[in-house]
Amino acid sequence: MPSLRTIFSVIILFIVLNLFGINPDEFTGDYIDKSYKTNIKSMRMHYPEWEVSYPVIDLSSDQTLLFSFDDIEGGVKNYYYSVIHCSYDWQPSNLMFMEYADGFESNPINDYDFSLNTFVNFTNYQLELPNQDLQFRYSGNYLLVVYEDDDINKLVCTKRFMVADYNIPIEANISQSASSLIRQRAQKIDLTLLTGSYRISNPIDEIKIVIMQNNSWDLVIDDLEPSFINTDKLVYNHDEGNTFMASNEFRYFNFRNMRILSERIQNISYKNPYYYVELFPDENKLFLPYSSVEDINGRFINKTDRSDASGYASLESDYAIVKFSLVASDNIPNSSVHIYGEFTNYRLDEYSKMEYNSETNNFEKYFLLKQGYYNYRYVLKNNDDIKKPDHGFFEGHHWQTENDYLIFVYHLDSRAGYNKLVGYKRINSVE
């Protein structure tokens, strides 16, 4: 039987591990939305009752976020999770876990269920944050980290989310760009921060504005300085610098019913063990006039026709291999073409990269996707300028495009020792 001293040492070790949390120096993953295993699919985070909401909650409210993913290997695995507090630019902050959160640093994901009546068997895992095991103490950017067997070296997936403390109200509006060169293709965001009595010693150095288009972290403006400073407000109204190229409405397809060829689907067949869904080849929209289309700004929703009645959308939606095609007369030298949307984590990597087929004169790509409604677009990445992908090369840019803009206000408070998220607002270009 172990001695009291041994038991006491184990208890102390357990407490220390849970107080200090994940050591960022030992974390080998990326601070982005990413799946590290090919069996992990359909990763999403949103409000429990609002599937197309953004992953931002109010620190002082009872709001929660629902995170979910599928493991298409099935069975039950020992998945654990933790959270890392980050700076405004998604670097690990200097805070220890015990400072930014209450509860346990490492917790199992115990909420899971198995697919129902699907050809591809999978296990659906869900996690709601905050919960009885983990609550947030500070505002800011957070990275959710999921790993296997309580071993941080066995990374499964990571997901960004934000916790806001609404100390600074935001007034904002969207208009056409002031520049005559891009007026027909761009949208301009002007905003005012109502700082009131909130204490800011040096607004230029301490306040950081991040504006993001449609939850796409590669489409951000984060270098704005105020054009006017008053005792109770900061104004950001520039002719340049606060302008986004508007792109176009997202393309879409719907395969909620495998027995019906919906508007964008050319063929559906079953070849054991998968359904195969072939989309109609997409045309280049660069020179086409703007056409208003209702979309969900790049996101996806998993549903089937039968799940509307049963309420088990996450379990009854089957997986299928979906073929995307983009018509092109020739390959594009020194560049790569990518499919862009929430289902590719808005990333331009090998997973989203298309291949050129010289026999069909199409860029093509196959994905294993879960039934539902999807938004996507085609993006060109120049190998010599990978930091500035071209969202208009295949889609065009139109100032009338319906876009969401998420405005984040960070206080780089040296006294507190971390980047506070003191303001957040979502605005829409047509609302």
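Residues numbered from 1 in each chain as written. Predicted model: local features only at pLDDT ≥ 70, side-chain atom pairs only at ≥ 80, totals over all residues. Heavy atoms only, no water.

## Considering the overall build of the protein chain
Here is the rule: The numbering of helices and of strands both runs from the N terminus, where a helix is a DSSP run of H or I of at least 4 residues and a strand a run of E of at least 2. When accessible area is computed with a 1.4 Å probe and restricted to protein chains, residues below 20% of their type maximum are described as buried, those above 50% as exposed, and intermediate ones as partly exposed. Between two residues, a contact is recorded if the distance between any of their heavy atoms is within 4.5 Å. For the area figures, the Shrake-Rupley method with a 1.4 Å probe applies, and any residue is considered shielded solely by the protein chains shown. Neither His nor the chain termini are counted; the positive set is Lys and Arg, and the negative set is Asp and Glu. In this description, the location of a charge corresponds to atom NZ of lysine, CZ of arginine, CG of aspartate or CD of glutamate.
Each helix and strand in the protein chain was counted, giving five helices and 30 strands. For the protein chain, the C-alpha atoms occupy an extent of roughly 70 × 65 × 45 Å along the three principal directions. Here the protein chain holds 431 residues, and 54% of them are scored as buried. Considering only intrachain contacts with a sequence separation of at least 6, the fraction spanning at least 24 residues in the protein chain is 72%. When the accessible area of the protein chain is evaluated, it comes to approximately 20,300 Å², of which 49% is carbon and sulfur surface. Here the protein chain contributes 38 positive and 61 negative side-chain charges, whose respective centroids are spaced 2 Å apart.

## Some remarks on a nonpolar patch on the surface
Note the following rule: Note that patches include only residues with greater than 30% relative accessible area and no salt bridge, and the join distances are 9 Å for like charges and 5 Å for nonpolar side chains (Val, Leu, Ile, Met, Phe, Trp, Tyr). Salt bridge, as used here, is a side-chain nitrogen of Lys or Arg placed within 4 Å of a carboxyl oxygen of Asp or Glu.
Residues V76, Y112 and F114 make up a contiguous nonpolar surface patch of roughly 260 Å² in combined accessible area. By secondary structure assignment, the location of V76 is in the loop between β4 (65-71) and β5 (79-86).

## Overview of unusual backbone geometry
Geometrically, the link from L129 to P130 is a cis peptide bond, its omega value of -10 degrees lying close to zero. One can find P130 in the loop between β9 (123-129) and β10 (134-136). With omega at 15 degrees, the peptide bond leading from N272 into P273 counts as cis. Checked against the element boundaries, P273 lands in the loop between β21 (265-271) and β22 (274-279). At S42, a residue that is not glycine, the phi angle is positive and equals roughly 55 degrees. Within the secondary structure layout, S42 lies in strand β2 (residues 40-46).

## Some remarks on the sheet that holds strand β30 (residues 418-428)
Convention followed: Being paired, for any two strands, means DSSP has found at least two bridges between them. Only the stretch in contact is used when fitting a helix axis, every axis being a line fitted to C-alpha atoms; angles between N-to-C directions are given from 0 to 180 degrees.
What the four strands build is an open sheet, ordered β16-β15-β29-β30; its pairing is antiparallel. Sheet topology places β16 (216-221) and β30 at the edges, where each strand pairs with a single neighbour. When strand polarity is set aside, the average angle formed by the axes of neighbouring strands in this sheet is 30 degrees. Examined bridge by bridge, strand β15 (residues 207-213) and strand β29 (residues 404-413) share seven bridges and lie antiparallel to one another. Bridging from a neighbouring strand, M212 pairs with L406 of β29.

## Describing the side chain of Q176
Rules: The term polar contact refers here to a pair of N or O atoms within 3.5 Å; inside protein, the definition further demands a hydrogen-donor-capable atom paired with an acceptor-capable atom, and it admits residues adjacent in sequence only when both atoms are side-chain atoms.
Note on placement: Q176 falls in strand β13 (residues 170-176). A polar contact of 3.1 Å, which involves the side chain of Q176, links it to the backbone oxygen of R183.

## So, a negative patch on the surface
On the surface, D89, D205, D222, D223 and E225 cluster together into a negatively charged patch. Relative to the helices and strands, D205 resides in helix α3 (residues 203-206). According to the relative accessible area criterion, D205 is exposed, its value standing at 53%.

## So, the sheet that holds strand β24 (residues 319-327)
Strand order across the open sheet formed by five strands is β21-β22-β24-β27-β26, with mixed pairing between neighbours. On the outer flanks of this sheet lie β21 and β26 (355-357), each paired with one strand and no other. For this sheet, the mean angle separating the axes of adjacent strands, direction not counted, is 30 degrees. Bridge analysis of β26 against strand β27 (residues 362-370) gives three bridges, and the strand direction is antiparallel. Residue pairing in the sheet places E355 in a bridge with E364 of β27.

## A short note on the environment of S201
Checked against the element boundaries, S201 lands in the loop between β14 (186-193) and α3. Along the backbone, S201 and D413 are 212 residues apart, and their C-alpha atoms lie at a distance of 9.3 Å. The residues contacting S201, other than those within four sequence positions of it, are E206 and R415.

## Some points on the confidence of the model for the protein chain
Definition in use: Per-residue confidence from the prediction method is given by pLDDT, with values spanning 0 to 100.
Averaged over every residue, the pLDDT of the protein chain is 92; the share at 70 or more is 93%. Across residues 6-21 the pLDDT falls below 50, and counting only partners more than four positions away or on other chains, this stretch makes 15 contacts in the model.

## Considering empty space enclosed by the protein
Applied cut-off: Method remark: on a 1 Å grid restricted to protein atoms, a set of points is classed as a cavity if a 1.4 Å probe fits but cannot get out and as a pocket if it is open with protein on both sides within 12 Å along at least five of seven lines; lining residues have an atom within 4 Å of a point. Grid points are joined across faces, edges and corners, and a volume is the space filled by probe spheres set on the points. Gly falls in the polar group here, along with every residue not listed as nonpolar (Ala, Val, Leu, Ile, Met, Phe, Trp, Tyr, Cys, Pro) or charged (Asp, Glu, Lys, Arg).
Under the counting rule described, the total for this entry stands at two cavities of 30 Å³ or more. Here the largest cavity defines a volume of roughly 60 Å³. In terms of lining, the largest cavity is formed by R44, M45, H46, E51, S53, Y54, P55, K159, N215, R299 and E342. Among the elements that take part in the lining of the largest cavity, β2 stands out by supplying three residues, more than any other. For the lining of the largest cavity, the per-class residue count stands at three nonpolar, three polar and five charged. Around the second largest cavity, the lining residues are D33, P55, K159, R160, F161, M162, N215 and W217. Broken down by element, the lining of the second largest cavity gets its largest block of residues, four residues, from strand β12 (residues 155-164). Classifying every residue of the lining of the second largest cavity gives four nonpolar, one polar and three charged.

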